[in-house]
Amino acid sequence: MDAKHLLEIKNLHIGFKNDEGVTPTIKDVNIHIDEGEIVTIVGESGSGKSVTVRSILKLIPSPPAIYTQGEILFKGQNILDMQENEIRALRGSEISMVFQDPMIALNPVFTIGQQMENIYLYQGASSTHARLSKKKSILKQEARDRSIYLLEKMSLPNPENLLKMYPFELSGGMKQRVIIAMALIKTPKLLLADEPGTSLDVTVQASINKELKRLVEEEHIAMFFITHNLGVAKQLGKRTYVMKLGEVVEEGLSEDVFLNPKTDYTKHLLDVLPKII
Ligand SMILES: Nc1ncnc2c1ncn2[C@@H]1O[C@H](COP(=O)(O)OP(=O)(O)OP(=O)(O)O)[C@@H](O)[C@H]1O
Ligand SMILES: [Mg+2]
């Protein structure tokens, strides 16, 4: 098996089932990412960015989604062939995701500390092993130390106190920072960031992105970052993929893609999409 990339999406086709049949939505997409690499995906609304990235963890239920063709190789293993329990073992531990809407990721009835501890102790296959070989009190202390470390790295003041707070007590920017810390608690190999923070003020968004980039680089975590903002794409990712109507129409080093776009579509995107950093 070809395992030279951390993740490789090969000839992926996804359709959506409806009354008339299956609408082809993702068409022959080829995307890869290496360990520790940051890659951005840009494209207009409806171009298939979220469907592509969510397909990596099979987050779109099938049906309506039909994976008609292709492979998604993670460390050389095809995720599309995996059983639900194998995928669950990857989710949150080896591959983690940050969504656009912070409220989906946070549970209103538990404190931030309880939620972070829960992920640390119980998510992913490695947890089972750790649970069997380590005392619970040691794991709880590890969870607490790692939570405080990450919250601090995300520029959240007084993390010890924050662990005792409930989501409703936090501002939008704080919630987004907490969600990123949660997604990184198990030190995943790959983070999928689908337009995090788009509902926030642009300056808050910019500082969150900067902290996120620094953190994944320090911990050598690979990241797919989806954005509408070409300034952010250029600044964050070494490489960029441009999507249009379910296809990748351009790819390359971010500075090449944005300074010397090869396709008229990318030139058009440069005209219409925001470039604020
Ligand atoms: N559950 C679904 N059922 C049917 N069609 C869907 C479903 N989810 C997405 N689609 C379709 O797939 C296409 C791609 O959607 P996707 O959400 O990936 O776009 P996007 O590039 O992420 O857009 P945005 O920038 O607005 O988030 C769209 O035409 C959308 O209508
Ligand atoms: Mg989307």
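Placed above this text is the structure.
Quick caveat: nothing in here was measured; it's all calculated off a predicted structure. (Residues numbered from 1 in each chain as written. Chains lettered and ligands numbered in written order. Predicted model: local features only at pLDDT ≥ 70, side-chain atom pairs only at ≥ 80, totals over all residues.)

Draft legend 1. Spatial organisation of the overall build of the protein. The number of helices and strands found in the protein is twelve helices and ten strands. Here the C-alpha radius of gyration of the protein, 19 Å, is about what a compact globule of 277 residues would show, namely 19 Å. Based on the C-alpha atoms only, the size of the protein along its principal axes is roughly 55 × 40 × 40 Å. By residue count, 40% of the 277 residues in the protein fall in the buried class. The long-range share in the protein, meaning contacts at least 24 apart out of those at least 6 apart in sequence, stands at 69%. (Helix = DSSP H or I, 4+ residues; strand = E, 2+ residues; numbered from the N terminus. Rg over C-alpha atoms; globule rule 2.2 N^0.38 Å. Buried ≥ 20, exposed ≤ 12 C-beta atoms within 10 Å, placed from the backbone. Contact = placed C-beta atoms within 7 Å.)

Draft legend 2. Layout of unusual backbone geometry. A cis amide bond, omega -10 degrees, links Ser62 with the succeeding residue Pro63. Along the chain, Pro63 falls in the loop between helix 1 (49-55) and strand 4 (65-74). Residue Asp28 is not a glycine yet carries a positive backbone phi of 50 degrees. Examined against the element boundaries, Asp28 turns out to sit in strand 2 (residues 21-33). Positive phi is not limited to glycine here, since Lys75 has a value of about 50 degrees.

Draft legend 3. View of the environment of Leu150. Here Leu150 lies in helix 6 (residues 136-153). A count of 23 C-beta atoms within 10 Å places Leu150 in the buried class. When the C-alpha positions of Leu150 and Arg239 are compared, they lie 26 Å apart, and in sequence the two are 89 residues distant. In contact with Leu150, other than residues within four places in its own chain, are Ala181, Leu184 and Ile185.

Draft legend 4. Structural detail: the packing of helix 8 (residues 172-184) against helix 9 (residues 202-218). For the pair helix 8 and helix 9, interaxial distance at closest approach is 10 Å and the crossing angle is 15 degrees. When the axes of helix 8 and helix 9 are compared, the pair comes out roughly parallel. The two elements helix 8 and helix 9 meet at a crossing, and its hand is right-handed. Seen from helix 8, the contacting residues are Gly173, Gln176, Arg177, Ile180 and Leu184; seen from helix 9, they are Val204, Ile208, Leu212 and Leu215. (Axes fitted to C-alpha atoms, helices over the stretch in contact; angles between N-to-C directions. Parallel < 35°, antiparallel > 145°, perpendicular 65-115°, else oblique. Left-handed = near helix turned anticlockwise from the far one by under 90°.)

Draft legend 5. Inspection of the site of ligand 1 at higher detail. Around ligand 1, the neighbouring residues are Phe16, Thr25, Gly43, Ser45, Gly46, Ser47, Gly48, Lys49, Ser50, Val51, Pro64 and His228. Per-element tally for the shell around ligand 1: the top contributor is helix 1, with three residues. The residue inventory of the shell around ligand 1, partitioned by class, reads three nonpolar, eight polar and one charged. (Near = placed C-beta within 6 Å. Nonpolar A, V, L, I, M, F, W, Y, C, P; charged D, E, K, R; others polar.)

Draft legend 6. Fine view of the sheet that holds strand 4. Strand order in the open sheet made by the four strands is 2-1-4-5, with antiparallel pairing throughout. Strands with a single pairing partner mark the edges of an open sheet, and in this sheet they are strand 2 and strand 5 (77-78). As paired strands, strand 4 and strand 5 are joined by two bridges and run antiparallel to one another. Across the sheet, Leu73 pairs through a bridge with Asn78, a residue of strand 5. (Pairing = 2+ DSSP bridges.)

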